[in-house]
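Each chain, letter by letter, is given below.
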Amino acid sequence: MCLLLSIAAAATIAAATSITQAQQPFTAAATLPQAQQSSAAAAYESDILSARPIRYLLGVGPGMMWYAHGGSFSPSCDCVFTGESDSRFHFAGEVLVQYPKLGIAYGVLLSYYDASYGFTRDETRRSVMVGDGADVDVDYRSTSDVRLQWLSVTPEFLWYIPRSAFFLQAGLEFGFPLTARYDHIETIRSEDVTYYDGSRENVLLPEGNIPGGDGLRLAASFGLGYEFVLGPAVALTPRVGAQLPLTAVSSTDDDWRVTTAFGLLMLHLRL
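Owing to the predicted nature of the structure, the values given are computational and were not obtained by experimental measurement. (Residues numbered from 1 in each chain as written. Predicted model: local features only at pLDDT ≥ 70, side-chain atom pairs only at ≥ 80, totals over all residues. Heavy atoms only, no water.)

A.B. asks: Sorry, what's going on with the overall build of the protein here?
C.D. replies: On a plain count of helices and strands, the protein comes out with 1 helix and 13 strands. For the protein, the sequential pattern of α-helices and β-strands runs α-β-β-β-β-β-β-β-β-β-β-β-β-β. Considering the protein as a whole, with its 271 residues, one finds that 32% of them fall into the buried category. When contacts within the protein are restricted to residue pairs at least 6 apart in sequence, those whose partners lie at least 24 apart make up 66%. (Helix = DSSP H or I, 4+ residues; strand = E, 2+ residues; numbered from the N terminus. Buried < 20%, exposed > 50% of the residue type's maximum accessible area, 1.4 Å probe, protein only. Contact = heavy atoms within 4.5 Å.)

In structure tokens, the structure reads:
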């Protein structure tokens with residue numbers, strides 16, 4: 001009787017062990033899809049919560065700048081000098097913070113402007129001759145050597161046109177004056193005619209500061225450019241732009257304003 005009970009107990013244990021081993025593959029198979037689902041959910045969550053990529057760029061480049069003195073100014077008496085324009089070599093630096101996924105960037109454009117110019121004005125005036133001589137028409141030339149330089153700091157915003165490398169730029173230029181001086185000299189051009197002291201040149205105004213020339217320059221800035229990506233950390237960016245003045249050069253000549261434009265070839269390095 002005891003032998004029969006021992007055999008029955010051994011059979012029961014063997015059957016239980018067999019059932020447990022048979023259930024294990026199904027349990028592993030049941031947990032595998034749950035692990036895959038958890039991994040996929042984690043990746044999806046990571047994509048949503050990940051920070052948008054930001055690029056920090058440093059740019060430098062040469063180019064040309066053009067400037068035009070609009071309106072008129074009068075250093076002394078009633079002599080009025082009107083608009084003149086010229087061009088010069090130009091150089092600029094730039095710091096940009098770029099958001100590629102949003103297609104925007106903001107930064108600061110730093111450059112130096114020299115809008116100096118030698119103004120000339122010719123006229124013929126009826127002049128009184130010393131002695132008994134009759135009045136005669138005399139040719140005069142008035143000159144004003146204007147020296148005008150400033151440091152330009154332009155906070156800017158860039159918008160990249162979708163599906164292209166073109167971008168539009170807008171900003172506000174702050175011009176910090178470095179030099180703002182002028183003079184006024186009149187010279188007789190007619191032969192055998194001099195001033196009372198026998199000279200042919202009259203300094204109407206020695207070189208001095210332009211009234212109000214030490215004030216901050218403000219100008220609206222606009223531009224267009226194209227970004228050639230040369231590598232993961234290098235881009236070549238040709239761009240053109242212009243600054244439309246909001247403030248006058250002189251406090252005594254409200255319509256004397258300087259408009260500037262530029263063309264640059266910027267090399268941008270990713271920091």
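A.B. asks: What's the story with the pattern of salt bridges in this structure? I'm lost.
C.D. replies: It is possible for side chains bearing opposite charge to pair when their charged atoms get close. Here the structure, examined in full by the defined rule, presents 11 salt bridges. Two residues, Arg147 and Glu207, come together in a salt bridge whose shortest N-O distance is 3.1 Å. Remark: Glu207 occurs in strand 9 (residues 201-209) and Arg147 occurs in strand 7 (residues 136-160); sequence separation between them is 60 residues. Judged by its relative accessible area of 32%, Arg147 falls in the partly exposed class. Of the charged contacts, one joins Arg181 and Glu207 as a salt bridge, the two residues approaching to 2.9 Å between their closest N and O atoms. With a gap of 26 residues between them, Arg181 in strand 8 (residues 166-188) and Glu207 in strand 9 connect regions that are remote in the sequence. Put simply, Arg121, Glu123, Arg125 and Glu186 are held in one network by salt bridges that share partners. (Salt bridge = Lys/Arg side-chain N within 4 Å of Asp/Glu carboxyl O.)

A.B. asks: Please clarify how the packing of aromatic side chains should be interpreted in this entry.
C.D. replies: Aromatic ring pairs are defined here through the distance separating the ring centres and the angle between the ring planes. Taken as a whole and assessed by the stated rule, the structure comprises 12 aromatic pairs. An angle of 25° between the planes, with centres 6.0 Å apart, marks the rings of Phe73 and Tyr182 as stacked. A residue pair is termed long-range when its members are at least 10 positions apart, and Phe73 in strand 2 (residues 72-73) and Tyr182 in strand 8 qualify at 109 residues. The buried category is assigned to Tyr182, whose relative accessible area is 4%. When the centroid spacing of 4.6 Å and the interplanar angle of 55° are considered together, the rings of Tyr226 and Phe228 count as tilted. (Phe/Tyr/Trp six-rings, centres within 6.5 Å; stacked < 30°, edge-to-face > 60°.)

A.B. asks: Explain the pairing of strand 12 (residues 234-245) here, please?
C.D. replies: Regular strands show a simple pattern: their side chains alternate between the two faces of the sheet. Covered by surrounding structure in strand 12 are Ala235, Thr237, Arg239, Gly241, Gln243 and Pro245 only, the residues Val234, Leu236, Pro238, Val240, Ala242 and Leu244 on the alternate face being uncovered. Strand direction decides the pairing type here: strand 10 (residues 217-226) and strand 12, joined by 7 bridges, are antiparallel. Note on strand 12: the bridge partner recorded for Leu224 is Val240. Pairing between strand 11 (residues 228-231) and strand 12: 3 bridges, direction antiparallel. Considered in strand 12, the bridge of Phe228 is made with Leu236. Here strand 11 folds back onto strand 12 in antiparallel fashion, the turn holding 2 residues. (Pairing = 2+ DSSP bridges.)

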